[in-house]
Amino acid sequence: MIQRIKINLDAVESLLYFWQATADKEKVNERFINDVSDMEGYKYIYDEEFTKESLRKILSAVTNKEIFTSQNRKEGRFWNNNLWMLEDLGYTDMMVSPLKHLNLENLATDLKELNTEKSYEEIEVIFVPAHLEDYYVVDNKLIVNFFRLRPEDGDLFINEKGLVDFIEEKIRTEIL
């Protein structure tokens, strides 16, 4: 039975620093970029087309203001999304601020009542600046693509659906 829903913003927080430093014309060192590519959240989006090395090369090119030639659509989208974040850090903040105040306690309480075959005590919602997909599900983890969030009037939406409703739907239909 679900006891709690944990929110993980580590990947977003790390790229917030990266985007701010890059916008301020500071060079982000390779060690930091390597540490980012090793973060748990990114491990869930890696595949044969978008690898740890893809992420490393793209972030390195962004911070060094180098042209990046993508090998596939996933790399190209990730590259473009990072450049988009750099264009307007105010918009980026409108995406991040509601996440920092996101409270899923009521949702956890509602989901406790469900009788399902799976008996996860904790569900983790991980926000990751990703590439193509809106979300990924791995066991008891819902990985939400940060770049798919759309801020509007202090709230966040994904595909015209409120973020909390989106999270609830994915947990009910794909995790439980």
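See the structure shown above.
A. Examining the sheet that holds strand S3 (residues 135-138) more closely. Reading across the sheet, the four strands line up as S1-S2-S4-S3 and stay open at both edges, with mixed pairing between neighbours. Two strands in the sheet have a free side with no partner beyond their single neighbour: strand S1 (4-8) and S3. Neighbour-to-neighbour, the strand axes of the sheet open up by a mean angle of 20°, direction not taken into account. Where S1 lies against strand S2 (residues 122-128), five bridges are found, and the strand directions are parallel. Within the sheet, the bridge partner assigned to Asn8 lies in S2 and is Ile126.

B. Layout of the pattern of salt bridges. This structure, assessed with the given rule, holds 15 salt bridges. Note that Lys74 is salt-bridged to Asp47, the shortest N-O span being 2.2 Å. Here Lys74 is found in helix H5 (residues 73-87), whereas its partner Asp47 is found in the loop between helix H3 (40-43) and helix H4 (52-63), with 27 residues between them in sequence. For Asp47, a relative accessible area of 23% puts it in the partly exposed group. The closest approach of N and O atoms between Arg150 and Glu160, which form a salt bridge, is 3.3 Å.

C. A look at the packing of H5 against helix H6 (residues 89-100). It is the contact of H5 with H6, at a shortest axis distance of 5 Å, that shows an interaxial angle of 105°. Between H5 and H6, the crossing angle belongs to the class labelled roughly perpendicular. Seen from H5, the contacting residues are Trp84, Met85, Leu86 and Glu87; seen from H6, they are Leu89, Tyr91, Thr92 and Met95.

D. Fine view of the nonpolar core. In this structure, Tyr42, Phe127, Phe146, Leu149, Ile167 and Ile171 are the most contacted members of the largest nonpolar core, which totals 55 residues. Counting residues per element, this core draws most heavily on helix H1 (residues 10-23), at seven residues.

E. Examining the packing of H1 against H4 more closely. At a closest axis distance of 10 Å, the pairing of H1 and H4 adopts a crossing angle of 30°. On the basis of their axis angle, the class for H1 and H4 is roughly parallel. For the pair H1 and H4, the contacting residues are Leu15, Phe18 and Thr22 in the first and Leu59, Val62 and Thr63 in the second. Class assignment of the residues belonging to the contact of H1 with H4 gives a composition of four nonpolar, two polar and no charged.

F. Fine view of the environment of Gly90. Structurally, the position occupied by Gly90 is in helix H6. Residue classification places Gly90 among the partly exposed positions, given a relative accessible area of 41%. Gly90 sits twelve residues away from Phe78 along the chain, and the two C-alpha atoms are 20 Å apart.

What counts and how
- Residues numbered from 1 in each chain as written.
- Predicted model: local features only at pLDDT ≥ 70, side-chain atom pairs only at ≥ 80, totals over all residues.
- Heavy atoms only, no water.
- Pairing = 2+ DSSP bridges.
- Helix = DSSP H or I, 4+ residues; strand = E, 2+ residues; numbered from the N terminus.
- Axes fitted to C-alpha atoms, helices over the stretch in contact; angles between N-to-C directions.
- Salt bridge = Lys/Arg side-chain N within 4 Å of Asp/Glu carboxyl O.
- Buried < 20%, exposed > 50% of the residue type's maximum accessible area, 1.4 Å probe, protein only.
- Parallel < 35°, antiparallel > 145°, perpendicular 65-115°, else oblique.
- Contact = heavy atoms within 4.5 Å.
- Core = buried A, V, L, I, M, F, W, Y, C linked by side-chain atoms within 4.5 Å.
- Nonpolar A, V, L, I, M, F, W, Y, C, P; charged D, E, K, R; others polar.

Any link to function would need more than the numbers given here.
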